[in-house]
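# A structural walkthrough
Listed here are the chains, written in short residue letters.
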Amino acid sequence: MTFFTIFVLIYMEQNNQTVVREFILLGFTSQWNLQVLLFVFILFIYMLSLMGNFLIIVVVLAEPLLHTPMYFFLGNLSFLEIWYTSITVPKLLANFLSRSITITVNGCVTQYYFFFSLGATECFLLAVMAYDRYLAICSPLHYSTIMNHRLCFHLSTSSWVGGFLSPLLPTILISQLSFCGPQKINHFFCDSDPIFKLSCSDTYIQEAIGYTFSSVVILSSFLLTMSSYVNIIANIVKLTSAKARKKTFSTCASHLTVVTIYYGTIIFTYVRAPSTYSFGLGKVVSVFYCVITPLLNPLIYTLRNKDVKKAIWKSFTRMRQ
């Protein structure tokens, strides 16, 4: 706790203001029947997501056939998705089984930081994966020379470091806010808008810097990702073989599906004016990038991929012997 925060707490207590030290996450609904249905549905998706992403990591590490840049980045993405969904979903599940779920102010700020750090890292990784596919399809003769082990490591490390540095300043600024009631967060996790709504401090600077950082990270990585796919599609159109066009486009289409769903939902949520935020709609949209997308990644990247399916089958065969 910083000196400024301690000073604010003392000042508020001296002026008979209530100091909020924990929040209540309201979640989705108070109807018990609907809560049970949502709990079963989201728990099922969460478990599938954990198992699917963990399976990808194990198979990529175990199978020499998959020791290539594309699967190296896919393994990174799967590792990220396990933690990304685990930041918010367990609290959401607990909320369905309890009348109220509390989280301390410090815990809320910590959840905010890790959620946006992992979200930014995913944006950077998706851009890197799109660039990898661009090189593989548009420059196949130079691909192995350019996308070597050293560059793969640097791109992966840069994505993780950049992702965890991006929300650092907004998080520090949010930690300086004071909260004196009410204490109910109209969400299932500590998102930026619900936090700003509860603060009794002036949040203009925090909101401006937070939305600027999120917009820059999301839009820059989105434009880089889409520029790679635009060049890929242009190159596919030039292919003379219909079979080659179909195979290449099939691979890119699966990647584009993940990119469209993920970026579509986060752009809708975070690249906008603060005054236009709707808490009800925001919670529904959040489910897509917090719960659905982490499951779609292993499904889309693997079920349409013969090499991964072959590697999974080989791994199961070895386990049975």
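Per an unreviewed UniProt entry, the protein carries the name Olfactory receptor and comes from Chrysemys picta bellii. Turning to the protein, the UniProt record has this under Subcellular location (unreviewed entry): "Cell membrane". Taken from UniProt, the Sequence similarities (unreviewed entry) comment for the protein reads in full: "Belongs to the G-protein coupled receptor 1 family."

Packing of helix 4 (residues 105-138) against helix 6 (residues 149-165) leaves a shortest axis separation of 7 Å and a crossing angle of 150 degrees. By the angle class used here, helix 4 and helix 6 are roughly antiparallel. Crossing angle aside, the handedness with which helix 4 passes helix 6 is right-handed. Across the interface between the two elements, Tyr 113, Phe 114, Phe 116, Ser 117, Leu 118, Ala 120, Thr 121, Phe 124, Leu 125 and Val 128 from helix 4 touch Leu 155, Ser 159, Trp 160, Gly 162, Gly 163 and Phe 164 from helix 6. Of the residues belonging to the contact of helix 4 with helix 6, the class tally is 11 nonpolar, 5 polar and no charged.

Now for the UniProt feature "transmembrane region" (unreviewed entry) in the protein. Per the UniProt record, "transmembrane region" (unreviewed entry) is annotated on residues 36-61, 73-93, 113-131, 151-169, 211-237, 249-271 and 277-300. Spanning residues 36-61, this segment combines 100% helix with 0% strand, and its end C-alpha atoms are found 38 Å apart. Secondary structure content for residues 211-237 is 100% helix and 0% strand, while the C-alpha to C-alpha distance between its ends is 38 Å.

Definitions and limits used
Residues numbered from 1 in each chain as written. Predicted model: local features only at pLDDT ≥ 70, side-chain atom pairs only at ≥ 80, totals over all residues. Heavy atoms only, no water. UniProt positions renumbered as here; feature names shortened; annotations may be inferred. Axes fitted to C-alpha atoms, helices over the stretch in contact; angles between N-to-C directions. Helix = DSSP H or I, 4+ residues; strand = E, 2+ residues; numbered from the N terminus. Parallel < 35°, antiparallel > 145°, perpendicular 65-115°, else oblique. Left-handed = near helix turned anticlockwise from the far one by under 90°. Contact = heavy atoms within 4.5 Å. Nonpolar A, V, L, I, M, F, W, Y, C, P; charged D, E, K, R; others polar.

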